[in-house]
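This is what each chain is made of:
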Amino acid sequence: MAKRNTSNNPLFREIRELEEKALKAGIIENYEIKTSEAMCEEAWECFLISRREWLESMIQDHALKTGGAQ
């Protein structure tokens, strides 16, 4: 799979701008800035966790509404 150009993503650009400001303010250190690849992996993992939780919740709600566990 080809690497994505994360500079096209407005959220990644915003994060990079915020990181730059935080660095200048002394809030974070250089070692705390992740590579784009690491951010993508972390974002994907966060998405999958959130998606799993949402799906489990929707299935439980459906089971309660229909009176059965499937």
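Because the structure is a prediction, the values reported are computed rather than measured. (Residues numbered from 1 in each chain as written. Predicted model: local features only at pLDDT ≥ 70, side-chain atom pairs only at ≥ 80, totals over all residues. Heavy atoms only, no water.)

Undergrad: Hey, could you run me through the pattern of salt bridges in this one?
TA: Oppositely charged side chains can pair when the atoms bearing their charge come close. Inspection of every chain in the model, using the stated rule, returns 3 salt bridges. The residue Lys 34 makes a salt bridge to Glu 42 at a minimum N-O spacing of 2.3 Å. (Salt bridge = Lys/Arg side-chain N within 4 Å of Asp/Glu carboxyl O.)

Undergrad: Looking at this model, I keep getting lost on helix H1 (residues 10–25). Mind explaining?
TA: Because an α-helix completes one turn every 3.6 residues, residues spaced three or four positions apart along the sequence face the same direction. In a regular helix each residue adds 1.5 Å, so 16 residues correspond to 22 Å; H1 covers 23 Å between its end C-alpha atoms and thus fits that length. By the burial criterion, the buried members of H1 are Phe 12, Glu 19 and Ala 22. For H1, the angular spread of buried residues about the axis comes to 85°, placing them on one side. Along H1, exposed side chains directed more than 90 degrees from the buried face belong to Pro 10, Lys 21, Lys 24 and Ala 25. The N-cap residue of H1 is Asn 9: its side-chain oxygen and the backbone nitrogen of Leu 11 are 2.8 Å apart. (Helix = DSSP H or I, 4+ residues; strand = E, 2+ residues; numbered from the N terminus. Expected span 1.5 Å × (residues − 1). Buried < 20%, exposed > 50% of the residue type's maximum accessible area, 1.4 Å probe, protein only. Arc of directions from axis to C-beta. Polar contact = N/O pair within 3.5 Å; in protein donor to acceptor, adjacent residues only side chain to side chain.)

Undergrad: Would you explain the packing of H1 against helix H2 (residues 36–66) in this entry?
TA: Packed helix pairs are specified by the crossing angle of their axes together with the interaxial distance, meaning the distance between the axes. Across the interface, H1 lies against H2 with an axial gap of 12 Å and an inter-helix angle of 120°. Taken together, the axes of H1 and H2 are oblique relative to one another. Considering only the axes of H1 and H2, their crossing is right-handed. Between H1, through Phe 12, Ile 15 and Arg 16, and H2, the contact on the second element is made entirely by Ser 36, Met 39 and Cys 40. (Axes fitted to C-alpha atoms, helices over the stretch in contact; angles between N-to-C directions. Parallel < 35°, antiparallel > 145°, perpendicular 65-115°, else oblique. Left-handed = near helix turned anticlockwise from the far one by under 90°. Contact = heavy atoms within 4.5 Å.)

Undergrad: How do you make sense of the packing of aromatic side chains when you look at a structure like this?
TA: Two descriptors summarise a pair of aromatic rings, namely the distance from one centre to the other and the angle between the planes of the rings. This structure, assessed with the given rule, holds 1 aromatic pair. Ring centres of Trp 44 and Phe 47 lie 5.5 Å apart, and the angle between their planes is 25°; on these two criteria the pair is classed as stacked. In this pair, Trp 44 and Phe 47 both sit in helix H2, 3 residues apart, roughly one turn of the helix. When its relative accessible area of 53% is taken as the criterion, Trp 44 is described as exposed. We classify Phe 47 as partly exposed; its relative accessible area is 43%. (Phe/Tyr/Trp six-rings, centres within 6.5 Å; stacked < 30°, edge-to-face > 60°.)

Undergrad: What's the story with H2 in this structure? I'm lost.
TA: Here H2 is 31 residues long and its end C-alpha atoms lie 44 Å apart, about the 45 Å a rise of 1.5 Å per residue gives. Note on H2: the residue one or two positions beyond its end, Gly 67, has a positive phi of about 80°.

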